[in-house]
Amino acid sequence: MEKRRRIQRIREEKERIAFIRIIFAVLFGLGVFSFIQYDTATWPKILVGVSFLAHGCLHWIEAKRVGALSNSQPARNLIRLRYAVDFALIGLIAFFFPLLIGLELPLVPSFIGYFIGLLLFYLIDVYLERKVQTLDPLQPTKKELRSKIPELKAR
């Protein structure tokens, strides 16, 4: 499958599940807000856990479908690993502030660790993307997925 066709299929997949992801992201945000406001209640923790797990399932499904476009098994594995790293980054970003507030951690060392974690995730993501490009040159990069490539006409 050529690169433009892959880009179109990935974009269609992302559009198909975008609304569901937004719903779970809003539920997650409400859960985190409620968790901070009502720290003794159980329902915010359940809401955060369920919405984060649901978002993870959607992320995993997308990773499998994007990986299936590649003909190379090592490239498929790296694509799935890249999605797992992206999801772990989402978890780091989402849980940093509630943990900082809930555990009353010192501010400066926490932010230093946070930014080191962000840098580490970024470097791992760049490395994995380059490895995927060497294994399967037809697999689109994140930059290519964000670019304004004209969509293909249906025949």
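A. Spotlight on the overall build of the protein. Each helix and strand in the protein was counted, giving 5 helices and 0 strands. Its helices and strands taken in sequence order, the protein reads α-α-α-α-α from the N to the C terminus. Taken along its principal axes, the extent of the C-alpha atoms in the protein is 55 × 30 × 30 Å. With 155 residues in all, the protein has 35% of them scored as buried. Pairs at least 24 apart in sequence give 69% of the contacts found in the protein among residues at least 6 apart.

B. Structural view of the layout of surface pockets. Its boundaries defined by the atoms lining it, the largest pocket holds a volume of some 470 Å³. Together, 24 residues line the largest pocket, and Lys14, Arg21, His59, Glu62 and Ile90 are the ones closest to its centre. Of all elements in the fold, only helix H1 (3-37), helix H2 (43-67), helix H3 (73-102) and helix H5 (142-146) reach the threshold of two or more residues within the lining of the largest pocket. Examining the composition of the lining of the largest pocket, we find that 7 residues originate from one element, H1, more than from any other. For the lining of the largest pocket, a count of residues per class yields 12 nonpolar, 4 polar and 8 charged.

C. Representation of a nonpolar patch on the surface. Where nonpolar side chains cluster on the molecular surface, the patch consists of Phe19, Ile22, Ile23, Val26, Leu27 and Leu30 and spans about 560 Å² of accessible area. Tracing the chain through its elements places isoleucine 22 in helix H1.

D. Structural context of the packing of H1 against H2. For the pair H1 and H2, the least separation of the axes is 8 Å and the interaxial angle reads 165°. Between H1 and H2, the interaxial angle falls into the category roughly antiparallel. Seen along the crossing, H1 lies across H2 with a hand that is left-handed. Across the contact of H1 with H2, the residue classes break down as 17 nonpolar, 5 polar and 6 charged.

E. Geometry of the packing of aromatic side chains. A full pass over the atoms with the stated rule returns 10 aromatic pairs. An angle of 85° between the planes, with centres 5.5 Å apart, marks the rings of phenylalanine 28 and phenylalanine 95 as edge-to-face. Note that phenylalanine 28 is positioned in helix H1 and phenylalanine 95 in helix H3, a separation of 67 residues in sequence. Overall, phenylalanine 28 belongs to the buried group, its relative accessible area being 12%. Consider the rings of phenylalanine 52 and phenylalanine 95, whose centres lie 5.0 Å apart with planes at 70°: the pair is edge-to-face. Of the two residues, phenylalanine 52 is situated in helix H2 and phenylalanine 95 in helix H3; the sequence distance between them amounts to 43 residues. Feature note: the residues Phe28, Phe52, Phe87 and Phe95 constitute an aromatic cluster, connected by ring pairs.

Cut-offs and rules
Residues numbered from 1 in each chain as written. Predicted model: local features only at pLDDT ≥ 70, side-chain atom pairs only at ≥ 80, totals over all residues. Heavy atoms only, no water. Helix = DSSP H or I, 4+ residues; strand = E, 2+ residues; numbered from the N terminus. Buried < 20%, exposed > 50% of the residue type's maximum accessible area, 1.4 Å probe, protein only. Contact = heavy atoms within 4.5 Å. 1 Å grid on protein atoms, 1.4 Å probe; cavity = no way out; pocket = protein on both sides within 12 Å on 5 of 7 lines; lining within 4 Å. Points joined across faces, edges and corners; volume = space filled by probe spheres on them. Nonpolar A, V, L, I, M, F, W, Y, C, P; charged D, E, K, R; others polar. Patch = residues over 30% accessible without salt bridge, like charges linked within 9 Å, V, L, I, M, F, W, Y side chains within 5 Å. Areas by Shrake-Rupley, 256 points an atom, 1.4 Å probe, with all protein chains shown as cover. Salt bridge = Lys/Arg side-chain N within 4 Å of Asp/Glu carboxyl O. Axes fitted to C-alpha atoms, helices over the stretch in contact; angles between N-to-C directions. Parallel < 35°, antiparallel > 145°, perpendicular 65-115°, else oblique. Left-handed = near helix turned anticlockwise from the far one by under 90°. Phe/Tyr/Trp six-rings, centres within 6.5 Å; stacked < 30°, edge-to-face > 60°.

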